[in-house]
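Overview (structure and organization)
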Amino acid sequence: MYATADDGIRIYYEATGAGRPLLLMTGAFGSLEAWHELGYVDELARERRVITLDLRGHGRSDKPHDAAMYGWPKNAADALAVLEAEDARGVDVFGQSMGGQVTIAMLHADTSRLRSLACNGAYPLAEPLGRPIGQLLKRAKKLREEGLAWSIEDSKALLVGDEAMSADYIRRRLAGDVDAFIAEAEGQAPMEHQHLPPTGPPMLFVATEHDPVAIATCRDLPKKFLYARYLEVPGEGHFIVWNREKFLPILRSFWATLPA
């Protein structure tokens, strides 16, 4: 199914199951197939309406090659367009890595459809940055010079212990549109709406021991923002979500604290 954003970009999404809606968003270079491969959709759809989407530039969503067609506010608007197409309310949202950055941007949009937000491996800013972030510009440069094979090696550096990329995950990633990913990185680099606003729905920030940037940017958030909660997971890395049996209980524990 497709939802259409205000700028005409079509966002591919899937929805299955019944119950309180849950939106899942993957990280950079990912696609919604990952939620099926990892078993989240099958397990959660027994009790919830599970909505997964392909971020613009990814999967089966439209893939413009113009940096002006990307940016965190556009990502947030895309997610809300999907929720509107589903007429979903009281939604819990989870974003992994770049998907987590989208959840932060959603705080600056219309939150009336949301019950809660959660993210892992996201890096919120304490205040607006005011300049493009070099890490995303570096990503665009590396993709232009070395292609998608570089992105695989870059992510492998984040793996911890026995974590490994599946052959299907690598295949899907290498099949992506490199020009769209370059435009995306350049469009997101200004980091607009990546700081936390004063208020918002309950939001859980998960950071793992081997993701020090997430720890540094998230650990003190509950002291500054009443809606923010923080959980630090020892012994794990950026891709803890690949272990559903370990990560899903974290989300379920958070959801259990929320109003029915």
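Residues numbered from 1 in each chain as written. Predicted model: local features only at pLDDT ≥ 70, side-chain atom pairs only at ≥ 80, totals over all residues. Heavy atoms only, no water.

**Describing unusual backbone geometry**
- The phi dihedral of F29 is positive, around 70 degrees, even though this residue is not glycine.
- Mapped onto the elements of the fold, F29 is located in the loop between β3 (21-25) and α1 (33-37).
- Its relative accessible area of 10% is what places F29 among the buried residues.
- Although it is not a glycine, H193 sits at a positive phi angle of roughly 65 degrees.
- Relative to the assigned elements, H193 resides in the loop between α8 (178-188) and β7 (203-208).
- On the basis of relative accessibility, which here comes to 25%, the residue H193 falls in the partly exposed class. (Helix = DSSP H or I, 4+ residues; strand = E, 2+ residues; numbered from the N terminus. Buried < 20%, exposed > 50% of the residue type's maximum accessible area, 1.4 Å probe, protein only.)

**Topic: the environment of L24**
- Turning to its location among the elements, L24 is positioned in strand β3.
- Taking the C-alpha atoms as reference points, L24 and V93, 69 residues apart in sequence, are found 6.1 Å from one another.
- Those residues in contact with L24, other than ones at most four positions away along the chain, are W35, Y40, V50, I51, T52, L53 and F94. (Contact = heavy atoms within 4.5 Å.)

**Some words on the packing of helix α5 (residues 134-146) against α8**
- Taken N-terminus to C-terminus, the directions of α5 and α8 make an angle of 160 degrees; their axes are 8 Å apart at the nearest point. Our classification of the angle between α5 and α8 gives roughly antiparallel. The interaxial crossing formed by α5 with α8 has left-handed handedness. Facing L136, L137, R139, A140, L143 and R144 of α5, the residues of α8 in contact are V178, F181, I182, A185, E186 and Q188.
- Here the contact of α5 with α8 is composed, by residue class, of eight nonpolar, one polar and three charged. (Axes fitted to C-alpha atoms, helices over the stretch in contact; angles between N-to-C directions. Parallel < 35°, antiparallel > 145°, perpendicular 65-115°, else oblique. Left-handed = near helix turned anticlockwise from the far one by under 90°. Nonpolar A, V, L, I, M, F, W, Y, C, P; charged D, E, K, R; others polar.)

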